[in-house]
Structure formats: C-alpha cells, structure tokens
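Structure assessment
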Amino acid sequence: MKRSNKPIFWSLFGAGGMLSALIGPMLIFITGIAVPLGWLPRETMSYERVLAFAQSGLGRLAILAVISLFLFHGLHRMYHSLHDFGIHVGPGRKALFHGVAFLGTLVAAGLLLSV
Amino acid sequence: MRTIAIDCLRYHPETDVAPRLQRYEVPFTDDMSVLQGLQYIKDHLDGSLTFRWSCRMAICGSCGAMLNGVPKLGCEHFLRDFYPGPLRIEPLNHFPIVRDLAIDQTDFLRKLESVKPYLIGEPPAKGTHQQTPRQMDEYYQYSQCINCLLCYAACPQYGLNDKFTGPAALALLHRYNADSRDKGKEERMAVVNQEDGVWGCTLVGYCSEVCPKGVDPARAVNQNKIESTKDYFFRFLKR
Amino acid sequence: MTGWWKRNPFYLWYMLREASCVVITLYALILLVGLARLTQGEVRYEDWLEHLARPWAIAFHAAAFVLVAYHSWTWFKIMPKTLPRLPIPDRAIVAGGVAAIGVCSALLWWVA
C-alpha cells in the first residue's frame with residue numbers, strides 16, 4: 001500500500017486554517033471594509049505605517065505567514081472541492097494548486113526581503 | 001386506522017432493466033416501525049419484496065435503508081413520523097443493489113478485513129488481560145459499531161470513490177489501536193497512511209450524524225490524521 | 001453522484017464551508033498584490049488602497065467576511081474531532097476556540 005504524501009499538505013492546510021479562523025474575519029473587516037469605508041482612520045493602512053510594519057522583523061513574519069498559509073489552506077481545499085464536484089484533475093494539474101501556493105510564498109518572501 | 005403511502009424501490013435483476021419505485025398503501029398504528037411497514041407489505045400486499053432484517057432493535061445492523069433520502073435503520077423509525085407520506089424507501093446509497101432493498105456489502109467486508117479488526121499480540125502468559133475502566137473508555141464508543149453501513153451511505157467521499165476505506169472500517173481500525181490490550185497499531189498504519197485511508201476523508205461529518213450507535217466515525221478517522229502525520233514525519237526516528 | 005450535495009441540507013452547509021477556501025485564496029492574493037504595490041512606492045500603493053474602496057471591492061470583502069466567519073465557526077466546531085481525547089468536553093474546546101477568535105479579533109482591532 002502506497003503511503004500518501006498528504007501529511008505535508010494537510011499540516012500546511014491546518015496551519016492556514018487555524019490562522020485564518022482566528023484572524024481572518026477581523027483582518028478582512030479591517031482591510032476590506034473598515035478602512036476603505038472610513039470607519040477606521042485612513043492612517044491605519046497608510047503607506048508609512050504599513051511600510052514600517054513590513055520592514056520590521058515581526059511584520060515580515062506576520063505578512064509572510066498570512067499570505068503563505070492562507071494560500072496553502074485555500075488552494076488545498078479548492079483542489080479537494082474539485083473532487084467533491086466530480087471534477088477529476090490529473091497529477092500534473094493537481095501539483096498546480098500547491099504550486100501556486102508555493103509560488104505565492106516565494107513571491108511574498110522575495111518582496112518582503114526587498115522592501 | 002390511518003394509511004400511509006410507501007414508495008419502495010424495486011429491482012429484480014433477472015427481470016428488471018432498471019430500478020423503479022412501487023407504491024403501496026400501508027395501514028398503520030402509531031407504534032409501527034418502518035420495518036413493520038415493510039413486513040406488512042411482504043405479508044399482505046406483495047410477497048416478492050426483498051429486504052434484510054433481524055433483531056428489530058437496532059443492534060444487528062441489517063435493516064438500513066434510505067428513508068426519504070436519509071440513511072436510517074427501519075426498525076427504530078416510525079411510520080407515524082412520515083405520515084401522510086409518501087415515504088420513499090430505497091436501498092442504502094453507494095452500494096450495488098442485489099435485489100430490492102438488499103445491497104451488496106462485499107466491498108465493506110473486504111475493507112473490514114483489511115484493518116485487522118481483532119486484538120493483535122500474545123495474551124498474557126498467565127491469566128487474562130487487565131484493563132481499567134479508563135482504558136476501556138478510550139475505545140468503547142468505537143466498539144459499538146454494528147456494521148449497519150449507514151455511514152457509508154452518508155459518506156459522499158465513498159460515493160465519489162469506492163476505494164476509500166470508509167468510516168466504519170476506519171472507526172474499527174481505531175477501536176483496536178486504542179485498545180490497551182492490542183499491539184497491532186504498526187501493522188494497521190499502512191491502511192491508515194494510504195491515500196484511500198484516512199486521507200480520503202474531508203470531514204463532511206455526515207457519517208457521525210447518521211450513526212445509530214453514537215460511534216462517531218468522523219472522530220475516529222480524523223484523530224488518525226494526526227497519527228498518520230506523526231508517522232509520516234517521525235518514521236525516520238524509528239530506525 | 002452528480003449534484004449529490006444538493007440533496008441534503010447537511011451537504012449544502014458542508015459545501016458552503018468548503019467554498020470559503022476560494023475567498024481565502026483570493027484575499028491572500030489581494031494582500032500579495034498590496035505587498036507588491038508597497039514595494040513599488042507610495043503612488044502605486046495608494047492606488048491599490050483606492051481600488052479597495054471601489055464598490056465591487058467592498059462587496060467582495062463583505063461576502064468574504066461572511067464566508068470566512070463561517071469558516072472560523074466551523075473550524076472550531078469540528079476541531080474536537082481531530083484532537084486526541086482530552087479531559088475537557090468538546091463544547092469547551094469549541095467555546096475556547098470561539099473565545100480565541102474574539103481575543104484575536106479584539107487585539108487586531110486595537111492594534112489597527
């Protein structure tokens with residue numbers, strides 16, 4: 001019986017799921033609703049403030065964790081949802097899902113190092 | 001006396017091209033179960049109706065069927081609750097039909113065998129195994145499985161892929177792994193770790209919802225995702 | 001099996017839970033774009049912020065908020081099934097999780 005490699009992706013899925021469960025709603029509310037609608041002052045997400053955050057050690061880790069883990073969580077589940085809908089994806093395109101998450105992680109890391 | 005309409009799936013492979021629904025008008029009293037309704041049909045209306053049953057008390061696991069699309073045991077559900085009907089009775093989802101409401105459980109029996117559902121390891125040299133109530137608590141609920149297959153009918157992942165080991169088999173696997181008297185966990189990990197082992201489950205959770213004995217197979221399967229993950233990452237330490 | 005998920009409310013709620021992953025992915029990509037804009041200077045970044053204020057963006061985030069909140073709730077609701085036996089009942093784990101969501105949310109709001 002062939003051992004599945006799911007544990008790797010499931011662990012990432014789990015970490016992303018936990019993170020998005022804890023801070024997802026509020027983060028979306030702040031960045032997507034409260035600030036754009038002016039319920040929070042514009043300075044909350046001002047260029048200077050966010051830049052300073054992204055340049056700090058903690059900020060870099062936080063931004064990387066959110067982008068990377070949200071992607072791993074979302075794309076892992078999206079792949080499984082395709083199966084739920086009866087859409088069968090070959091191993092090549094299956095790798096695409098986690099590949100995008102991995103790519104997104106690399107891009108985010110690269111951007112954070114350059115900021 | 002009230003009468004309820006029952007639409008029963010009929011399929012005799014030697015004569016029928018495809019399954020069809022047949023309606024029966026069944027007189028009933030408030031204490032009659034769905035199973036008794038089927039027995040009335042067989043005794044008084046249509047002796048050719050085929051269905052499995054035995055204990056009439058939700059312990060043998062024989063009388064499972066889809067009642068209005070939901071997997072249930074016929075003996076513990078009552079006609080009065082489906083009145084005026086029509087009550088649609090169909091064989092359990094996701095299994096080949098042998099005849100009318102009787103399904104082919106071969107696939108499940110194979111899967112059950114594959115998880116080695118028995119205590120593995122030598123019994124004590126003298127006397128019997130000792131087990132505390134706390135130790136029994138660890139596996140007791142999973143030992144309540146009556147192999148009724150309602151969970152397999154409920155599980156969409158099994159419906160989409162019948163290679164998936166499935167809820168009951170994995171729950172029974174866990175029942176033995178969690179039993180302090182058992183030494184066979186290592187042997188069973190191969191089943192757990194494969195793609196169609198625990199990793200075929202996406203925690204829909206409907207299996208636990210329909211289980212008539214409170215086994216909670218969803219829990220048994222998903223606890224073993226952590227076990228499988230531990231096994232995956234720490235296997236190199238075992239050498 | 002086609003359309004299996006339409007046949008039972010239980011399955012519909014399951015699909016809704018799974019659907020949250022699409023917005024989580026999209027949101028992460030929005031943040032990634034924002035990060036890229038950040039590195040490209042104030043003008044490009046402000047442009048990204050301005051896009052967030054557009055009606056379709058607000059609508060997306062409102063829908064995303066609802067879906068991800070549902071994900072949060074169901075995540076902790078089913079979490080006890082993935083954990084080994086603990087001396088506390090499932091309800092306590094779920095309540096603890098929801099409390100944690102509350103604490104983290106409050107912290108985020110306060111930091112913002």
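This is a predicted model, so every value here is computed, not measured. (Residues numbered from 1 in each chain as written. Chains lettered and ligands numbered in written order. Predicted model: local features only at pLDDT ≥ 70, side-chain atom pairs only at ≥ 80, totals over all residues.)

1. Remarks on the sheet that holds strand β5 (residues 87-90) of chain B
Residues and elements named next belong to chain B. Here is the rule we go by: Only strands joined by at least two bridges in the DSSP assignment are considered to pair. Comment: elements are numbered from the N terminus, with helices defined as DSSP H or I runs of at least four residues and strands as E runs of at least two. Where helices are involved, their axes are fitted lines through C-alpha atoms of the stretch in contact, as for all axes, and angles between N-to-C directions lie from 0 to 180°. Our contact criterion uses C-beta atoms placed from the backbone: two residues qualify when those atoms are within 7 Å.
Pairing within the open sheet is mixed, and its five strands lie in the order β2-β1-β5-β3-β4. What marks the edges here is a single partner per strand, and that holds for β2 (20-28) and β4 (70-73). Each neighbouring strand pair of the sheet contributes to a mean axis angle of 35 degrees, computed without reference to strand direction. Where strand β1 (residues 2-10) meets β5, three bridges bridge the pair, whose relative direction is parallel. Considered in β5, the bridge of Cys8 is made with Ile89. Sitting on the sheet, helix α1 (residues 34-45) touches β1, β2 and β3 (64-67), and the angle it makes with β2 is about 100 degrees.

2. Quick look at the interface of chain C and chain B
As a reminder of what qualifies: For this scheme, ten residues count as nonpolar: Ala, Val, Leu, Ile, Met, Phe, Trp, Tyr, Cys and Pro. Four count as charged, namely Asp, Glu, Lys and Arg, and the remainder, Gly too, count as polar.
Counting residues at the interface gives 12 residues for chain C, matched by 16 residues for chain B. Every element with two or more residues in the side of chain C that touches chain B is listed here: α1 (9-39) and α3 (55-82) of chain C. Residues that form the side of chain C that touches chain B fall into these classes: seven nonpolar, two polar and three charged.

3. A few points about the environment of C:Arg17
Residues and elements named next belong to chain C. Convention followed: The burial criterion counts other C-beta atoms lying within 10 Å of a residue's C-beta, which is placed from the backbone; the residue is buried at 20 or more, exposed at 12 or fewer, and partly exposed between these limits.
Note on placement: Arg17 falls in helix α1. Residue classification places Arg17 among the buried positions, given that 22 C-beta atoms sit within 10 Å. Separated by 93 residues in sequence, Arg17 and Trp110 have C-alpha atoms that sit 28 Å apart. For Arg17, the residues in contact, after removing those within four places along its chain, are Tyr70, His71 and Thr74.

4. A word on the domain arrangement of chain B
A common way to report how large an interface is uses the accessible area buried once the components associate. Residues and elements named next belong to chain B. Note the threshold: In this document the domain limits rely on a domain assignment from an automatic tool or a database.
Per the domain assignment, the segments making up chain B are domain 1 (2-103) and domain 2 (106-238). Taking only C-alpha atoms, the centre of domain 1 and the centre of domain 2 are 30 Å apart. Taken together, the 13 residues of domain 1 in the interface contact 12 residues of domain 2. When contributions to the side of domain 1 that touches domain 2 are tallied by element, the ones reaching two or more residues are β3 and β4. Of the residues forming the side of domain 1 that touches domain 2, the biggest block, three residues, is contributed by β4. Of the residues belonging to the side of domain 1 that touches domain 2, the class tally is seven nonpolar, four polar and two charged.

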